[in-house]
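A closer look at the structure
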Amino acid sequence: YFSQEKIRNSYRRLAEMRTFKYTSIQFDELNQTDSLGNKLLDVNIDLARAPMHSYSVEVEGTYSGGDLGIGGNLTYTNKNLFKGAEIFQIRFKTKLEDQQLATDISNKDRFLFFNTIETGVEFSLTFPKFLIPISQEFFPKNFKPRTNINTGLNYQQRPNYKRYITNLSFGYEWTQGRTRHILYPVELNSVRVFPTPEFEQILEEEDNIRIRNQYINHLIPGLRYSIIYNSQNLKKLNDFVYIRGDFETSGFMAKGIHTLFNTAVNSDGNHELFGIRYSQYVRFNIDFRHYNILTEDSRFVFRTLVGFGIPYGNSTDLPFEKGFYSGGANGMRGWGIRSLGPGSSTPANSSLERIGDIRLELNMEYRFPIHNFIKGALFADIGNIWTIRENTSFVGGQFNFNDFYKEVGIDAGFGIRFDFKFFVFRFDGALRLHDPERAVGDRWVFNEISLGNVVWNFGIGYPF
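Below: a short report on this structure.

Thresholds applied
- Residues numbered from 1 in each chain as written.
- Predicted model: local features only at pLDDT ≥ 70, side-chain atom pairs only at ≥ 80, totals over all residues.
- Heavy atoms only, no water.
- Helix = DSSP H or I, 4+ residues; strand = E, 2+ residues; numbered from the N terminus.
- Buried < 20%, exposed > 50% of the residue type's maximum accessible area, 1.4 Å probe, protein only.
- Pairing = 2+ DSSP bridges.
- Phe/Tyr/Trp six-rings, centres within 6.5 Å; stacked < 30°, edge-to-face > 60°.
- Lys NZ or Arg CZ within 6 Å of the ring centre and 35° of its normal.
- Salt bridge = Lys/Arg side-chain N within 4 Å of Asp/Glu carboxyl O.
- Contact = heavy atoms within 4.5 Å.

So, unusual backbone geometry
Of the consecutive residues Gly-341 and Pro-342, the connecting peptide bond is found in the cis state with omega at -10 degrees. Residue position: Pro-342 is located in the loop between strand 15 (299-311) and strand 16 (358-371). Phi at Arg-338 is positive, roughly 60 degrees, even though this residue is not glycine. Residue Arg-338 is classed as partly exposed on the basis of its relative accessible area, which comes to 23%. A positive phi angle, near 50 degrees, is found at Asn-372, a position not held by glycine. By the element assignment, Asn-372 lies in the loop between strand 16 and strand 17 (374-386). When its relative accessible area of 61% is taken as the criterion, Asn-372 is described as exposed.

Overview of the pairing of strand 10 (residues 218-230)
Where strand 9 (residues 179-195) and strand 10 come together, 11 bridges link them in antiparallel fashion. Residue pairing across strands places Ile-182 opposite Ser-226, the latter belonging to strand 10. Bridging between strand 10 and strand 11 (residues 240-250) involves nine bridges; their strand directions are antiparallel. Residue pairing for strand 11: Ser-226 is matched across the bridge by Asp-246.

Digging into the packing of aromatic side chains
Each aromatic ring pair is summarised here by two numbers: the centre-to-centre distance and the angle between the ring planes. For the structure shown, the criterion picks out 33 aromatic pairs. Three or more aromatic residues joined by ring pairs form one cluster here, namely Phe-130, Phe-138, Phe-139, Phe-143, Phe-170, Tyr-172 and Trp-174. Its end group placed over the ring of Tyr-325, Arg-338 keeps NZ or CZ at 4.2 Å from the ring centre. The ring of Phe-464 carries Arg-367 above its face, with NZ or CZ at 5.4 Å from the centroid.

Things to note about the pattern of salt bridges
Taken as a whole and assessed by the stated rule, the structure comprises 27 salt bridges. The partner of Arg-244 in a salt bridge is Asp-246, and the shortest N-O contact between them spans 3.0 Å. Classification of Arg-244 by relative accessible area gives partly exposed; the value is 24%. Linking Arg-333 and Glu-365 is a salt bridge whose minimum nitrogen-to-oxygen distance equals 2.8 Å. In this pair, Arg-333 sits in the loop between strand 15 and strand 16 while Glu-365 sits in strand 16, placing the two residues 32 residues apart along the sequence. The exposure class assigned to Arg-333 is buried, which follows from its relative accessible area of 0%. The network of salt bridges with common partners includes Arg-333, Glu-365, Arg-367, Asp-381, Arg-417, Arg-426 and Asp-428.

Brief notes about the environment of Phe-127
For Phe-127, the position within the fold is in strand 6 (residues 116-127). Overall, the relative accessible area of 10% leaves Phe-127 in the buried class. Between the alpha carbons of Phe-127 and Ser-344 there is a distance of 48 Å; along the sequence they are 217 residues apart. What Phe-127 contacts, discounting residues up to four positions off in sequence, is Phe-82, Glu-86, Pro-145, Arg-146, Thr-147 and Ile-149.

Spelled out as structure tokens, the structure:
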């Protein structure tokens, strides 16, 4: 039977394949009926092929936590590699950045005024179906399945070390109504670090294992699953919610193999894979947002973030790239990126990037029009990060149910947004109201509110 919904889904499905640049579905009414007397239709689907090969060049400027940089990407795309709408892509990327140093080591390797060089290549292959030994007819057609295979090599040269990052992943994406699923049963990330002799000496003198572990070779063999729900209806001006849940684990299968075959451990008492110690942890993260639509141009937005990670086995801490941080243009705007927490700790090294195992954060923002494309916002942020275990570099950073609410940071501020619909420039200024680094009883800082204490943030796009 004729169904307008099936027509819309057919248009979407053909567009998502990216193989066609034009699609038209037309119907002709026939002077015939079926055995029940229903009139019959002929359907004609006209398709115009998109170019199979394409190239793109991108140039970008970056500003991350006070570090200025420039970068560029060269991308080649084949939209029909095996004649089944498979999308194959190769991306070459380069980035230069002037990075603030965490140590006093001098910069001897500079390109122009940049001290950080990053370059790499990425390969991706996407199939518009599930690559599994089960008939595709078993799955509903509105699942919009995709199978993704990704791999890449990234080289980073920084003042204190050189690092090679290799990754490989295999996973699936599909949709059920308003819910999107992302499952990667195979993810492998290898990090090899080569510190300079000066920096290696600093690491040898560092007492904190967590800091030293950031700069040693490690392997993350994992599994990742994400579920995303969005109730927004673009045709109606109604309240809606956005919910994203992420779960990932590392080292579970590798540990099972070592246990099964009773393999030996290295001199440090850890198991290895391909000659590299692998990480073991479980990590959860929930992002909940509620959009209260007041008028066409004004709304109240509420977001809460809850995350925690549990290292075990080979790992005493989460890998640096998997740890939680607070502060910056998209979170606690009264603090710079990675400069809040953990807990009430005050690290002796002020340039140390602060990473934790637990994150709790609440953001509220009232968005309203000012004039034409100029928008305004009033906002408040509440939150912090904590460690699971006591840490000598972050004394006072351990999470405690009896005290954690006393250790949250609170800020409030005003923002100006230039909303061009397709592009948004954002300037937010925030003032700290409650600073957990200060002594108990002296954490409310209303008496220090002044223009000179405003923390300014620049962002592209809305924070949430």
